[in-house]
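Observations on the model geometry
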Amino acid sequence: MKRLLIITIFALTVACSKQTQTSTPVSSNETTYAMTATIVSRDPAKNTVNLDNVEVPGKMAAMKMDYKLRGAKVAELPPDGTPVEVTVHDTNGSYYITDVKLKK
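Figured I'd write up the structure that's included with this text. In this text the structure is predicted, and so the values were computed from the model without any measurement. Each residue is numbered by its place in its chain's sequence as written, counting from 1. Owing to the predicted nature of the model, reporting of local features is limited to residues with pLDDT of at least 70; listing and counting of side-chain atom pairs is limited to 80 or more, with chain, interface and lining totals taken over all residues. With hydrogens and water stripped out, all remaining heavy atoms of the structure feed into the side-chain values.

Under the scheme used here, helices are H or I runs from DSSP no shorter than 4 residues and strands are E runs no shorter than 2 residues, and both carry numbers assigned from the N terminus. Across its full length, the chain holds 1 helix and 5 strands. Type-normalised accessible area, obtained with a 1.4 Å probe on protein chains alone, sets the label of each residue: buried when under 20%, exposed when over 50%, and partly exposed for intermediate values. Looking at the chain residue by residue over its 104 residues, the buried ones come to 26%. Only heavy atoms matter for contacts: two residues are in contact if any of them lie within 4.5 Å across the pair. Nonlocal contacts in the chain, meaning residues at least 24 apart in sequence, comprise 49% of its contacts between residues at least 6 apart. Just so you have it, the chain exposes about 7400 Å², and 58% of that area is on carbon and sulfur atoms. For every accessible area listed, the method is Shrake-Rupley and the probe measures 1.4 Å; residues are considered covered only by the protein chains on display.

Right, here's the structure in full:
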């Protein structure tokens, strides 16, 4: 009986260990790059901004796309229609932006 209890505890420990290992997310590979765009619109409730960006060779085609803004509120951004420079953060195909500045 004691031996069966020890074997059961060992089996549960191994099973829990394997479950923990498989549910741990793979480390992300975030890349960042500068992008020039024009502010099209914004959604303050979601803190997202729609940008019409120029092509970033090797990174992103020219397109209009919604981006989550981090580190600021979209209400604080320049008005719609303003050209800006932003930093794009790409984490395995999931994007957000930071450092929105007026285009020089």
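Still more ground to cover, so stick around.
Turning to the packing of aromatic side chains, a few remarks are in order. Within 6.5 Å between ring centres, the rings of Phe, Tyr and Trp (the latter by its six-membered ring) count as paired, and their orientation is classed by plane angle as stacked under 30 degrees, edge-to-face over 60, tilted in between. A complete count under the given rule lists 0 aromatic pairs for this structure. In this analysis the charged atom, NZ for Lys or CZ for Arg, is taken to sit over a ring once it is within 6 Å of the ring centre and within 35 degrees of the ring normal. Across the ring face of Tyr 96, the terminal group of Arg 70 is positioned such that the distance to the ring centre comes to 3.6 Å.

What follows concerns the pattern of salt bridges. The working definition used for a salt bridge is a side-chain nitrogen of Lys or Arg within 4 Å of a carboxyl oxygen of Asp or Glu. Applying the stated criterion to the full structure yields 1 salt bridge. Put simply, Arg 42 and Asp 80 hold a salt bridge, and the shortest N to O gap is 2.8 Å. In this pair, Arg 42 is assigned in strand 1 (residues 30-43) and Asp 80 in the loop between strand 3 (63-69) and strand 4 (83-91), connecting sequence segments 38 residues apart. We classify Arg 42 as partly exposed; its relative accessible area is 24%. The exposure class of Asp 80 is partly exposed, given its relative accessible area of 41%.

Two strands make a pair as long as DSSP finds a minimum of two bridges between them. Pairing within the closed barrel is mixed, and its 5 strands lie in the order 1-2-3-5-4. On average, each strand axis in the sheet is inclined to that of its neighbour by 55°, with strand direction left out of account. Relative to strand 2 (residues 48-53), strand 1 runs antiparallel, the two being bridged by 6 bridges. From the neighbouring strand, Ala 37 faces strand 2, where its bridge partner is Asn 53. Every angle, taken between N-to-C directions, lies between 0 and 180 degrees, and every axis is a line fitted to C-alpha atoms, over only the stretch in contact when it is a helix.

It is worth spelling out the nonpolar core at this point. Core analysis: the largest hydrophobic core is formed by 16 residues, its most contacted members being Met 35, Val 49, Leu 51, Val 86 and Ile 97. Those elements giving two or more residues to this core turn out to be strand 1, strand 2, strand 3 and strand 4. In terms of residue count, the dominant contributor to this core is strand 1 (4 residues). Residues contacting Leu 51, with those up to four places away along its chain left out, are Met 35, Ala 37, Thr 38, Ile 39, Val 40, Met 63, Lys 64, Met 65, Tyr 67, Val 84, Val 86 and Ile 97. As used in this record, nonpolar core signifies buried Ala, Val, Leu, Ile, Met, Phe, Trp, Tyr and Cys residues forming a set joined through side-chain atoms within 4.5 Å.

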